[in-house]
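Listed here are the chains, written in short residue letters.
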Amino acid sequence: MPFYLQKYFSFPIHAANSMKGSWEIQAHTKVGPGGKAALEQTLPLGAPPPPASNVFPINVGKSSTTAKVQFRKNFFSHSHGPVTGYAVIVAEDDSLDSKQQKLPSWNDVQKYSRWPPYQVSQPFYPFNGTSSIEFTIGTQDCTNVKGYCNGPLKPGTSYKVKVRAFTAPQKFTDTVYSSTFQTETDNTAMLAGITISLVLILLLITIVLVVRRKKRNSPFTKKVADGHNKDDSMSIPESEIISSRPVKLKDFPDHYRFLSADSDFRFSEEFELLKHVGRDKLCNAADLPVNRPKNRFTNILPYDHSRVKLMPSDDEEGSDYINANYIPGYNSPREFIVTQGPLHSTRDDFWRMIWEQNSRAVVMLTRCVEKGREKCDHYWPYDTQPAYYGDIQVTILNESQYSKWTISEFKVSRVRKV
């Protein structure tokens, strides 16, 4: 008499290193089903099956000392037992073996010039009602910490990461390593250099003003018919001059705090005095009808004798004009350029000046919009796609965001006209 068997399987019950499963077998004939035979057995847990070679964590963010990676719950199958924990493994040198159960910690790898694979934390389970997780590497201070610790990464260094899944403390499987990513470079030194340069410029301006005042008051200075010094056209009126003396380096922090107190009130006072400087200097180029629309403010114009001149194009009137001046530095009378926040209509001229002057750094000292008023056009690309400003191509290579500033690295090239 023909018959067939029907099997019933219950979901496993997970114990420390095993899972319990039960089966029922029942025969069916034309007469009807027979009795059920039950079988219950405890099976050892197995390591999760290895995921496919295209399954690995993805880098979704980075800074100079941290990296954010994303991985999903479905990276690993639960067919060998439920996954109870995950760990993230980081490697600078991924050629070394990383299959052992006990991997080094962050503190263990500090003695190597290139870090071998290390585990950033004890196994954890992040999927509580979620199917994916973003984990940030490098968020902890591991000084004097024993055991696993999520210490900071090295700036400007290439890394790979992978994820390890556990069904039991000694039952685990790893994904393959991720694609290589690089942490951002540490630009602290560059920012310090820029800050020092700006401070030196301010000090230089102060020294020039003091020297001019002393020269004007000298008994040997020749007078002209109107009773003023011949070379005093750029001097600040004596009644408005605040005497200034060089500040010793050790006193400079206190001097800065003094000037910046009360919402930078004393800085504002010194800045107001500069409005008397250069009133008689010519600004004829800026006042030409063809160039007036290129000035953001009608009262902030470049001097004819020190303005930056662009390479003229096709004998077009005003094609050499941009609202920008050279200012002296320690090494050259044209060491720096100061320019207005570009208008939308002058962005091409701005990047043409960058290219022609071979500028290596741009320090933006204003926001695009301040107190509801536009101070500067968004003159750089919005994303990593190349943007074109006339025949200048600009591409963002890296961007690091900090609490009070953003550092962007650009690739600038000139597109040949066909």
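The present account deals with the structure reproduced in this document. Note that this is a predicted model, so its numbers are computed, not measured. (Residues numbered from 1 in each chain as written. Predicted model: local features only at pLDDT ≥ 70, side-chain atom pairs only at ≥ 80, totals over all residues. Heavy atoms only, no water.)

The strand order across the open sheet built from 3 strands is β17-β18-β19, with neighbouring strands paired in antiparallel fashion. Of all strands in the sheet, those bounded by a partner on one side alone are β17 (387–389) and β19 (406–414). With direction set aside, neighbouring strand axes in the sheet form an average angle of 35°. The pairing of strand β18 (residues 392–401) with β19 spans 9 bridges and is antiparallel. Paired with I392 across the strands is R414, a residue of β19. Packed on one face of the sheet, helix α3 (residues 347–356) meets β17, β18 and β19 and runs near 80° to β19. (Pairing = 2+ DSSP bridges. Helix = DSSP H or I, 4+ residues; strand = E, 2+ residues; numbered from the N terminus. Axes fitted to C-alpha atoms, helices over the stretch in contact; angles between N-to-C directions. Contact = heavy atoms within 4.5 Å.)

As a further point, take the environment of A324. Mapped onto the elements, A324 comes out in strand β13 (residues 324–327). Separated by 15 residues in the primary sequence, A324 and T339 place their C-alpha atoms 4.1 Å from one another. The contacts of A324, once residues within four sequence positions are left out, are P302, S306, R307, V308, I337, V338, T339 and M353.

Bringing the state of the cysteines into the picture now. Evaluation of the coordinates by the stated rule reveals 1 disulfide. Bridging C142 to C149, the disulfide has an S-S length of 2.1 Å. A torsion of -90° about the S-S bond marks the disulfide between C142 and C149 as left-handed. For the pair C142 and C149, a shared accessibility class is recorded, and that class is buried. Not part of a disulfide, C368 finds its nearest cysteine sulfur in C376, a span of 5.1 Å. (Disulfide = S-S within 2.5 Å. Buried < 20%, exposed > 50% of the residue type's maximum accessible area, 1.4 Å probe, protein only.)

The subject of this paragraph is the sheet that holds strand β9 (residues 132–137). Pairing is antiparallel across the open sheet formed by 3 strands, whose spatial order is β5-β6-β9. Each edge of the sheet is formed by a strand with only one pairing partner; in this case those strands are β5 (58–62) and β9. Taken over all neighbouring pairs, the strand axes of this sheet differ in orientation by 25° on average, direction set aside. Here 6 bridges tie strand β6 (residues 67–72) to β9, and the two strands are oriented antiparallel to one another. Bridge pairing in β9 links Q70 to E134.

F71, Y86, V90, Y118, I137 and L153 are the most contacted members of the largest nonpolar core, which totals 26 residues. For this core, the secondary-structure elements that each account for two or more residues are β6, β7 (85–91), β9 and β10 (158–168). Broken down by element, this core gets its largest block of residues, 4 residues, from β10. Here F71 is in contact with P57, Y86, V88, F124, P126, F127, S132, I133, F135 and V163, once residues within four sequence places are set aside. Counting residues in hydrophobic clusters, the runner-up holds 17 residues, among them L310, A324, F350 and W380. (Core = buried A, V, L, I, M, F, W, Y, C linked by side-chain atoms within 4.5 Å.)

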